[in-house]
Structures are given as C-alpha cells and as structure tokens.
Amino acid sequence: MLQHSVLRICHILLLAMRIFASEDFDWTKNKMGSFQYGTFPSGFSWGAGSSAYQTEGAWDKDGKGKSIWDVFSHKRGKIHLNDTGDSSCEGYYKIKDDIALMKDMNLNHYLFSISWPRILPSGIKNDYINEKGIEHYDNLINMLLENRMTPIVTLYHWDLPQVLEEKYGGWQNASMVNFFDDFANLCFERFGNRVKYWITFNNPWSVAVEGYETGEHAPGLKMRGTGAYNAAHNIIKAHAKVWHTYDAQWRNKQKGMVGISLSADWGEPVDITNQRDIEAAERYVQFYLGWFATPLFHGDYPQIMKDYIGRKSAQQGLSSSRLPTFNPHEKSYIRGTCDFLGISHFTTRYITQKNFPSNRGNSYFTDRDLAELVDPQWPDPGSEWLYSVPWGFRRLLSFVKTQYGDPIIYVTGNGVSEKTICTELCDDWRMQYLRDYINEMLKAVKDGVNVKGYTAWSLLDKFEWDEGYSERFGLFYVDFDSKNKQRYPKASVQYYKRIISSNGFPNQREFRYRAQDVMFHVFCPVLVLFSNTFMFSLNVYLILVVTDSLTHLCFSPDPLIRHMEMVTEIVVPTVCTLCILLSAVFLMFLLRARI
C-alpha cells in the first residue's frame, strides 16, 4: 500500500508539471502580443491567384487580338528595362504543370482571369469569336475541376482589347458597358456550367487612376481631374449590367455568384485624438474603396466624395462637378449588384489632413485634401509602395462589414514582393508576411466578419506591369531567362501549404493534451498495474511529452516562439520529469530497504 501511495504522489507531481508547462507556453504566446491561435471555419477556401496578361504569354498566338497592354508595353520607356508580357511565364502552354503545383499545395481554388482579346480579338462579340481561346480556358477549367479545385474567374484584369481603345476611347466611353456585357455573357454561356464564382473587375481603382489619370499604366492617358472619374463611372455601370444579365439569364440555371474585386489600402489617422486626421483617414478609404463599393451596396458615390469634388469643381469655375452623377434609375439599377465582395489588400498608410488649394489644378489626389505617410520602421522588402502593416488588414475587413451590411467577402489578393533575386528561394519575409496578415484575417473572422476564402497573390512570379520583371510576388520562382520558364518553389510554398492543411494556426496543446490526459490517466496506470514497474510508465509518459512537443514546433509561427517552446515544452518538462523519476526511484529503494 505504501508503494502504491508513492506512485500516486508521483502521478500528481507529473500532472502539476504539465500544468506548469502549459502556463509557461501561454505566457510566451501572450508576449507575442498580436498573434492569435485558432482555425478558420470549416469549408474556408484557400487559393492562389494570377492574371492573364501577367502570366499567359503567347500574346499573338492562336488568333488572340492585341490588348492595350500589348501596345503599351511595346512602347519604349513605359516599362522598367522595356520588358513586355509577350512570353512572361508561358502559362498558356503550361496548364498541366501549373495545376500540378497547385494540387501539391492542396489549394481549394485558383483565381485567374480570362483575356478578353484572346476570346474576342476585336473586343466585339458580333465580329468574331476565337474558338482557340475558348478551348484554352475550357481546358484550364476542366483540369482544375478534375483536380478538385474551384475556378474563380475574373472577367477583366486590365487587358482591354486595343481596338476598343482606338475606336471608342476605352473606358472613357459609355459604349464599353454593352461591349463588356456581351463579352461576359459569352463567358457565362460557354463556361458558366462549371464556373460558379465570377469577378467582373479586378482593382478598377488602378484601371481608372493609373490608366486615365497618371498614365503609369495602359492606355497611358493623363486626363487629370476627369479621366479617372469618367472611367470609374462606366466601369461601375458595366459591372451592374453584367450582374443583371447573369441574374436574369443564368442564375437559375447555373447557380453561381457574381462579385467584384476591389483593392484598398487601410488609412489610419496619424493622431487618433485629432478629428481632422480622423476625417482625413475616412476620406482616404472612401476615395479608395468607397468610390466603387458604396454605389454597388448603397446606390451612389460616398457623400464625402461628392462634397469635396463638387466644392473644388465650383471653386475652379466649373458649372458642374467633375464627378459624374447617377440618375435615379441608375441608382436603383446599381444598388445591390454584388453577391460577394472581393477584397485585395496589401498595405496601410498613416493619413493626416493637408489642404490643396483649388488653383493647384485638377487631380484625383488633390481632391482628397490629405497626405499619406509611412512609418520608417515598417518592413518593405520589395515594391516601394508595399509596407508590411498587418494590423491594417483586420481594420479594413471590419470597416467593410460595418459599411456595407456584412457582405460575403473573399480575399482576392494578398501578398508581398521582393526586389532581390531570391537565388536560395529563402523568402522568410514572405512567410512572415503571410503569417501576420492571415492571422489578422483570422481575428477579423473571430470578430464576426464574413470572410469565406483567401487568395495568396500570387502563384507565380510574373510580369508586374510598369515594373516589368523587377519585382516578384510569386510563391514559385520563375526563371524568365530559361526557355521553359522553369518554376521553383520558394520556402513560402511549404509554409502556406502548412497553413492550408491546418486551416489556420491551431493551438496544438488544446487537443494534444486531451489525448495525453487519456494516455496518462488510462494507459500509464494500466502499465504500472501490469508491469509493477513505475519506471516503465514514467518512460512512456516522457516519450509522449517529448515527441508531441517536437511535433508542435512545426506549427510554431515564429523563430522566437520555436526557441521558447523548445525551452517550455521540452527542456523544462524533461529535466523536471527526470528529477521526479530519480526521486521516485530513490523512494522505492528506501521502501524496499525498510521492508
């Protein structure tokens, strides 16, 4: 009986040691401050994205017509090092290879765009349909479905047919609304029996501002103060018309959804106690995200945009605002035309009030009366505009929930670039970026934001618009100098794959220790009973602790965490368990000596 009592005391001491180790781990987790363990809801969709012009290459093959980017990139001085997307990743020829990469990562979905001029070379449906282009996307969609990946299809990712730009002035002309609707309707007809998620436009902000205001992007027009607003106006009406076309003709048959992908940085007030800074930050987000989202959810432009642009237009002696208006019919037609909202987010800015006099000229940027700032301590491994500021992501998602009535959200683009050539494929900064931003998204989901999926941007290194190939966003490194455009996985591939397989960042201790409780309370006493050797049961328990702790280290999100967990989960329990083991053995010898 005395020996059995000693065994029970040691049993209790070991339980106490496990509780002590758990408290140490919680302390380490809390020291991280912002990191939160947890998993996403069942059915959460993980994917990666791309766009046609950036990855396909084959710019003039199999009947494809020219796009505005084909023409723009061929003009010297428009693109870094005069690069073009003529061949890019040669994705047009490497569907099987790229799908194999996605399958190995266990992606749930793949977001890609259809090249309008590849299907309609002139942009106009009644002119000519290129069946070779149809066949290409048929093959891509079918292969994705065969490999159990959901296709999410963008109809417009910036590659307007050049004919429409030359003849009609592109998105400055309201006739684009019907041309785009015809193109979308053709896509619904040919692919809609298999595609259930449609995105009308990717980042229309860049189309409008960089295409028609600053001229940095195709078609390269500098129509300051008016070009961006007119282009956006037609894009919004085009989106609404396509949504109504799908709703009226295809929804009952195909059971799909039509949304839009809006890019938005978060704007944080420089001084959260300064009302002017708070209002400036609000304007920043409304001029960025609200410009497109507010009409689609509420039927009109944000009031702050109408007020500021209208006032500045009047001060400049104009009889009407430079911001176009929707008539009552258009407002009701546009409102509610979003089955889901795609959010593409990469970075954050600090915002403060700054007045720009009306005599400084017309400009989208001066219309806002604000200044953008960055914290010099924010990491910036790649693009000059892209700083890693994870906490802004959660705030943006919460803003969307509050402003637009808790819509279904798909994150349609989130990632980071690098300027350096990653010859060792060791993109630790990308792993850190993914970890931090996905964790902020997890917090938003726990807050009640209705996020249904996440798309890492991007699957491959690719043509990065005016930056050419000088910046790399890909999870896979592409050797653009090789004939076959060979792909190589960066370290972030395995990291993202692990997040996908875990559906987030599970706290392994929670369910591991439930299993260990069963092992300890059931199996160890049985071992003691049958073997009558306490040392054997202790050895079994020690193996369980060390083995499970080593497994848990694979899920640790940070090198510091891994180091601290090594101490709290392995070293401390092991040393203390050995001490208890030696004490127990010593007590057993004393008992036997007395007997």
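Residues numbered from 1 in each chain as written. Predicted model: local features only at pLDDT ≥ 70, side-chain atom pairs only at ≥ 80, totals over all residues. Heavy atoms only, no water.

Strand-to-strand pairing in sheets goes through backbone hydrogen bonds, with the strands running parallel or antiparallel. The sheet built from eight strands closes into a barrel, its strands ordered E2-E3-E4-E5-E6-E8-E11-E12 with parallel pairing. For this sheet, the mean inter-axis angle between neighbouring strands, taken without regard to orientation, is 25°. The pairing of strand E4 (residues 150–156) with strand E5 (residues 197–202) spans four bridges and is classified as parallel. Opposite Ile152, over in E5, you have Tyr197 as the bridge partner. Packed on one face of the sheet, helix H10 (residues 227–249) meets E4, E5 and strand E6 (257–263) and runs near 165° to E5. Helix H12 (residues 275–298) contacts E6 and strand E8 (341–344) of the sheet and is inclined by roughly 160° relative to E6. (Pairing = 2+ DSSP bridges. Helix = DSSP H or I, 4+ residues; strand = E, 2+ residues; numbered from the N terminus. Axes fitted to C-alpha atoms, helices over the stretch in contact; angles between N-to-C directions. Contact = heavy atoms within 4.5 Å.)

Once that is clear, we can look at the pattern of salt bridges. This model, assessed by the stated rule, comprises 27 salt bridges. One salt bridge in this structure joins Glu268 and Arg395, with 2.5 Å as the shortest N-O distance. Of this pair, Glu268 sits in strand E7 (residues 266–269) while Arg395 is found in helix H16 (residues 391–403), placing the two residues 127 residues apart along the sequence. On the basis of relative accessibility, which here comes to 37%, the residue Arg395 falls in the partly exposed class. (Salt bridge = Lys/Arg side-chain N within 4 Å of Asp/Glu carboxyl O. Buried < 20%, exposed > 50% of the residue type's maximum accessible area, 1.4 Å probe, protein only.)

A cluster of basic residues, Lys75, Lys78, Lys222 and Arg224, forms a positive patch on the protein surface. Tracing the sequence through the fold places Lys75 in the loop between helix H3 (68–73) and helix H4 (95–105). (Patch = residues over 30% accessible without salt bridge, like charges linked within 9 Å, V, L, I, M, F, W, Y side chains within 5 Å. Areas by Shrake-Rupley, 256 points an atom, 1.4 Å probe, with all protein chains shown as cover. Lys, Arg positive; Asp, Glu negative; His and termini not counted. Charge placed at Lys NZ, Arg CZ, Asp CG, Glu CD.)

This part takes up the sheet that holds strand E9 (residues 348–353). In spatial order, the strands read E7-E9-E10; together these three strands make up an open sheet with mixed pairing. Bordering the open sheet on either side are E7 and strand E10 (370–373), each of which pairs with just one other strand. On average, adjacent strands in this sheet sit at an angle of 40° to one another, irrespective of strand direction. Where E7 meets E9, four bridges bridge the pair, whose relative direction is parallel. Across the sheet, Pro269 pairs through a bridge with Ile351, a residue of E9. Across the face of the sheet, H12 comes into contact with E7, E9 and E10 while running at roughly 130° to E9. Each of E7 and E9 is contacted by H16, which is oriented at about 100° to E7, the strand it contacts most.

In this structure, Asn185 sits in helix H8 (residues 176–191). Residue Asn185 is classed as buried on the basis of its relative accessible area, which comes to 15%. A polar side-chain atom of Asn185 sits 2.7 Å from a polar atom in the side chain of Trp250. Excluding residues that lie within four positions of it along the chain, Asn185 makes contacts with Thr245, Gln249 and Trp250. (Polar contact = N/O pair within 3.5 Å; in protein donor to acceptor, adjacent residues only side chain to side chain.)

Turning to the side chain of Asn234, a few remarks are in order. Looking at the element boundaries, Asn234 is found in helix H10. Since its relative accessible area comes to 5%, Asn234 is described here as buried. If we skip the residues at most four places from it in the chain, Asn234 touches Trp171, Gln172, Asn173, Ala174 and Val177.

The residue Arg224 is located in the loop between helix H9 (204–212) and H10 in this model. C-alpha of Arg224 to C-alpha of Glu213: the two residues are 11 residues apart in sequence and 4.9 Å apart in space. Not counting residues up to four positions away in its chain, the partners in contact with Arg224 are Glu213, Thr214 and Asn362.

Right, let's get into helix H13 (residues 303–315). Under the 1.5 Å per step criterion, the end-to-end length of H13 is 18 Å for 13 residues, consistent within 8% with the ideal 18 Å. Those residues of H13 lying buried are Met305, Tyr308, Ile309, Lys312 and Ser313. Looking straight down H13, one finds its buried side chains confined to an arc of 125°; they lie on one side. Those residues of H13 hidden inside the fold are in contact with H10, H12 and helix H15 (364–367). Gly317 occupies a position one or two residues after H13 and carries a positive phi of about 80°. (Expected span 1.5 Å × (residues − 1). Arc of directions from axis to C-beta.)

What follows concerns the confidence of the model for the chain. Residues of the chain with pLDDT of at least 70 account for 79%, and the chain-wide mean is 86. In the model, residues 1–33 has pLDDT below 50 throughout and makes 51 contacts with residues more than four positions away in sequence or in other chains. For the stretch residues 510–571, pLDDT sits under 50, and the model shows 98 contacts to residues farther than four places along the chain or on other chains. (pLDDT = per-residue confidence, 0-100.)

Interhelical geometry of H10 versus H12 gives an angle of 35° and a closest axis separation of 10 Å. In this structure, H10 meets H12 at a crossing whose hand is right-handed. Across from Ala228, Tyr229, Ala232, Ile236 and His239 in H10, the residues of H12 making contact are Phe287, Trp291, Phe292, Pro295 and Leu296. Of the residues in the contact of H10 with H12, the class split is nine nonpolar, one polar and no charged. (Left-handed = near helix turned anticlockwise from the far one by under 90°. Nonpolar A, V, L, I, M, F, W, Y, C, P; charged D, E, K, R; others polar.)

Moving on: unusual backbone geometry. Cis geometry marks the peptide bond from Ala218 to Pro219, where omega comes out at 5°. Mapped onto the secondary structure, Pro219 falls in the loop between H9 and H10. Here the amide bond leading from Trp457 into Ser458 is cis, since omega sits at 10°, within 30 degrees of zero. Its location among the elements puts Ser458 in the loop between strand E12 (451–456) and strand E13 (476–478). Phi is positive for Asn203, which is not a glycine, with a value near 45°. By the element assignment, Asn203 lies in the loop between E5 and H9. Residue Asp369 is not a glycine yet carries a positive backbone phi of 55°. With respect to the element layout, Asp369 can be found in the loop between H15 and E10. The exposure class of Asp369 is buried, given its relative accessible area of 7%.

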